[in-house]
Amino acid sequence: LRRTLRLRNRALASRSSAAVRSEIGITSGVKGFTATMLQCRAVWQKLAPLSRASSTLGRTGSKRRGTLLQRWKLPLNQQMNRQMASGVEPHGSGAIYLVLIGLTSIGAGAYVYSVIKEDKQRYKQRITQMRSISSGERKPEELSAKDASELPEQVSVKATAEKSETEIESPTVEPVSARPDIPSHVPYLLIGGGTASFAAARSIRARDPGARVLIVTEEPDLPYMRPPLSKELWFSDESSVTETLKFKQWNGKERSIYFQPPSFYVSPQELSSVENGGVAVLTRKKVVNIDVRGNKVRLDNDVEITYDKCLIATGGIPRNVPALERAGEEVQKRTTLFRKIEDFKSLETISRNVKSIVIIGGGFLGSELACALGRRAQNTELEVIQIFPEKGNMGKILPEYLSNWTTEKVRKEGVNVMPNTLVKSAKYINDKVVLLLKHGQTIKTDHVIAAVGLEPCVELAKSARLELDSDLGGFRVNAELQARSNIWVAGDAACFYDLKLGRRRVEHHDHAVVSGRLAGENMTGASKPYWHQSMFWSDLGPDVGYEAIGIVDSSLPTVGVFAKGTAKDTPRAVTEITGTGIRSESETETVASSVNVPADATAVAHPPAGGDDYGKGVIFYLRDQVVVGIILWNVFNRMPIARKVIKDGEEHDDLNEIAKLFNIHDD
């Protein structure tokens, strides 16, 4: 019995030692490959059911048949000794788990080896990519043979971490120096660098923030406002105004004529690669051909650009006087066709160095320049003469009585106004330009300014096979400003269909803003018609100004209502209120939905008597008893009301009621 007990204890000790060793081995193995075993979880989940099935089968068989020793019917003491000496649990379930752990460890080791190998290969590839990028950004003469051979070893893990994901994964990105100066393709191509193009670009970017827009312009300047060239810039006291192109408005605030500073734009070279797109301006280039079917244009340097959508906003070319066109080269040298920044700079210098200037034209531009130069002439010996064929200043727009009053206003500014005058011929004699007038008179002057309107620039119509309007000129477009598939036209060059007033062509700043904005929206899929009535304005100095909307033609019947003006009824005053002299910028597409007429409001429409002082008033232009145009004479901040009157398009038997809407007698 004692011998049996000793053998039993020895067997138990042997079994415990083996179990401890087994547990220690398992624990160390698990700690070493914990991460690997987690990654092989899927394999374990597939093998676990098999293990459980085997264990269950073993237990079931043992219950059913007994162990092998029992089936041999050995004595009990021998069965116990042999089972205890085996060092494992009966039925063999521990061995199965050990086998599974071993297989898992082997699989995990193989997986770790493959991952490490792939990481090593990926690291080598990244080092090679970094080397190629560094070599592309450096000049060939700066990269010696030694640098090239030692570069892979010199690149550290820190340098690799500092490289952005874009640089590492985009080895084909070209350095800036290797990119073409002009992109070969742009989603949005805008031809012309004026107000309409800039308004379209801003509208496109508002609806498509990631859009890439390219503006192509013949001028050397970025997009700018033209109105100050004939208005505020001439009233600046700064001698450097021709360099800075900044002016003080009537309220004293300084402003630049450029819409945006250079930092707003991206370079054409970077347009295709810059993140989130942008607007680029390609200056000193002219589009000479449009292939509508191929969606591409050709520049004057034979470079071709393909596009998805194209806008033609080429504006207009200043007309010349036939008599000056027939004159010799010397006369041409002393003639200014006023339109661009360089024209302002040239004329500003000329006006300080000559004794006489003749302005041909009595419209907006001619009258504005006459007032500006006349005011300068009051403090110098400069003589300013204005000649035109009409009866008075702006005679094609204002009714005769108001045109005559405006003429006297211009004369008070120091201008010698000569209405009903035509130039028959011009010659250059004894350092003077001699103008022969219709009635036999002659005028000798040092310089001539031709301000007789614009001719729409339609040179691209032939190559693009676009339709032109034979009556009004310009590209003929529909109400959505579309000329052909993927081609739109805006600004001075567009002859569009007005839903209220019929086919029109307008040459004013606010129309360029409105039509450019609409074209940009339609280029991005808006499909909106032109319904907004743009306005235009003109200032004859800081004290007289007017705003107009619709069709204002002096040949139409007109009805005027006037009142005595006050100090608040001047361009200077409205600039102080709005903060800008570019009054169309304060305009929106809002139309007055309702207007309130005070019960005691009075307005009497009567033919003005001679000698009346037209301080402020409203002039209605009628067609078949329907108001088609309105001029607000020194009346400001009433344009939404005027726009609503025209939009309604109703017949009016008594304009006294309509005049009450503008409250011109409130003060």
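Please read these numbers as outputs of a predicted model, since none were measured by experiment. (Residues numbered from 1 in each chain as written. Predicted model: local features only at pLDDT ≥ 70, side-chain atom pairs only at ≥ 80, totals over all residues. Heavy atoms only, no water.)

1. Comments concerning the packing of helix H10 (residues 195–207) against helix H18 (residues 509–523)
Any two packed helices are characterised by how steeply their axes cross, that is the angle between the axes, and by the distance between the axes. Their axes nearest at 7 Å, the elements H10 and H18 cross at an angle of 35°. Relative to H18, the crossing made by H10 is right-handed. Residues Thr195, Ala196, Ala199, Ala200, Ser203, Ile204 and Arg207 of H10 pack against His509, Ala512, Val513, Gly516, Arg517, Gly520, Glu521 and Met523 of H18. The class makeup of the residues in the contact of H10 with H18 is seven nonpolar, five polar and three charged. (Axes fitted to C-alpha atoms, helices over the stretch in contact; angles between N-to-C directions. Helix = DSSP H or I, 4+ residues; strand = E, 2+ residues; numbered from the N terminus. Left-handed = near helix turned anticlockwise from the far one by under 90°. Contact = heavy atoms within 4.5 Å. Nonpolar A, V, L, I, M, F, W, Y, C, P; charged D, E, K, R; others polar.)

2. Observations regarding the pattern of salt bridges
Scanning all chains against the criterion turns up 23 salt bridges. Residue Arg226 is joined to Glu219 by a salt bridge in which the shortest nitrogen-to-oxygen separation is 3.2 Å. Taking the relative accessible area as the measure of exposure, Arg226 reaches 22% and is therefore partly exposed. Classification of Glu219 as buried rests on a relative accessible area of 11%. Residue Arg298 pairs with Asp302 through a salt bridge whose shortest N-O separation is 3.9 Å. Arg298 sits in the partly exposed class, given a relative accessible area of 31%. Residue class for Asp302 comes out exposed when judged on its relative accessible area of 59%. (Salt bridge = Lys/Arg side-chain N within 4 Å of Asp/Glu carboxyl O. Buried < 20%, exposed > 50% of the residue type's maximum accessible area, 1.4 Å probe, protein only.)

3. Focus on the sheet that holds strand S19 (residues 475–476)
Spatially, the three strands line up as an open sheet ordered S19-S22-S23, and their pairing is mixed. Every interior strand has two partners, whereas the edge strands, S19 and strand S23 (502–504), have only one. Bridge analysis of S19 against strand S22 (residues 494–498) gives two bridges, and the strand direction is parallel. Looking at the pairing, Arg476 lines up with Cys495 of S22. (Pairing = 2+ DSSP bridges.)

4. Notes on the packing of aromatic side chains
All told, the structure shown has 12 aromatic pairs when counted by the stated rule. Ring geometry for Phe364 versus Phe536: centroids 5.3 Å apart, planes at 80°, classification edge-to-face. In this pair, Phe364 is assigned in helix H15 (residues 364–377) and Phe536 in strand S24 (residues 535–539), connecting sequence segments 172 residues apart. With respect to class, Phe364 is no different from Phe536; both count as buried. The interplanar angle of 80° and the centroid separation of 6.2 Å between the aromatic rings of Tyr401 and Phe562 together place this pair among those described as edge-to-face. (Phe/Tyr/Trp six-rings, centres within 6.5 Å; stacked < 30°, edge-to-face > 60°.)

5. Focus on the nonpolar core
Membership of the largest hydrophobic core comes to 71 residues, with the highest contact counts inside it found for Phe620, Ile630, Ile631, Trp633 and Phe662. A total of seven residues in this core trace back to one element, the largest contributor, which is H15. (Core = buried A, V, L, I, M, F, W, Y, C linked by side-chain atoms within 4.5 Å.)

6. Points about the pairing of S22
With four of five residues buried, S22 is to be regarded as a mostly interior element. Here S22 runs beside S23; their pairing, made up of three bridges, is antiparallel. Of the residues in S23, the one forming a bridge with Asp498 is Gly502. Hairpin remark: S22 followed by S23, antiparallel, with three residues in the connecting loop.

7. Regarding the sheet that holds strand S15 (residues 432–437)
Remark on secondary structure: sheet strands pair via backbone hydrogen bonds, oriented parallel or antiparallel. The strand order S14-S15-S16 describes an open sheet built from three strands, whose pairing is antiparallel. Two strands close off the open sheet at either side, each with one partner strand: strand S14 (423–429) and strand S16 (442–445). Pairwise comparison of adjacent strand axes, ignoring direction, gives a mean angle of 20° for this sheet. By the bridge criterion, four bridges tie S15 to S16 in an arrangement that is antiparallel. Of the residues in S16, the one forming a bridge with Val434 is Lys444.

8. Quick notes on H10
Think of an α-helix as turning once every 3.6 residues; residues three or four places apart then point the same way. Taking 1.5 Å of rise per residue, the 13 residues of H10 would be expected to cover 18 Å, and the 19 Å separating its terminal C-alpha atoms lies within 8% of that figure. Of the positions making up H10, those classed as buried are Thr195, Ala196, Ser197, Phe198, Ala199, Ala200, Ala201, Ser203 and Ile204. In the core, the buried residues of H10 are packed alongside strand S1 (185–191), strand S2 (212–216), strand S5 (278–282), strand S8 (304–312) and H18. (Expected span 1.5 Å × (residues − 1).)

9. A look at H15
A rise of 1.5 Å per residue sets the reference length of H15, with its 14 residues, at 20 Å; its end C-alpha atoms lie 20 Å apart and thus fit the reference within 8%. In terms of burial, H15 is a largely internal element, 12 of the 14 residues being buried. Among the residues making up H15, those that are buried are Phe364, Gly366, Ser367, Glu368, Leu369, Ala370, Cys371, Ala372, Leu373, Gly374, Arg376 and Ala377.

10. Concerning the pairing of strand S11 (residues 356–360)
Within S11, five of the five residues are buried, leaving the element largely enclosed by the surrounding structure. Side chains Ser356, Val358 and Ile360 of S11 all project onto a buried face; the interleaved residues Ile357 and Ile359 project onto the opposite face, where all are buried too. A crossover connection joins S11 to the parallel strand S12 (residues 383–387) through H15; in handedness this β-α-β unit is right-handed. Note: S11 against strand S17 (residues 447–450), four bridges, orientation parallel. Each residue of the ladder has a partner; that of Val358, found in S17, is Val448. (Right-handed = clockwise from strand over helix to strand, strands pointing away.)

11. A word on a nonpolar patch on the surface
On the surface, a cluster of nonpolar side chains totalling about 310 Å² of accessible area is made up of Val99, Leu103 and Ile106. Accessibility expressed as a relative area gives 62% for Ile106, which makes it exposed. (Patch = residues over 30% accessible without salt bridge, like charges linked within 9 Å, V, L, I, M, F, W, Y side chains within 5 Å. Areas by Shrake-Rupley, 256 points an atom, 1.4 Å probe, with all protein chains shown as cover.)

12. Considerations on unusual backbone geometry
Its identity is not glycine, yet Asn295 carries a phi of approximately 50°, on the positive side. Within the secondary structure, Asn295 sits in the loop between strand S6 (287–291) and strand S7 (296–299). Backbone geometry places Leu481, a non-glycine residue, at a positive phi of 65°. Examined against the element boundaries, Leu481 turns out to sit in the loop between S19 and strand S20 (482–484).

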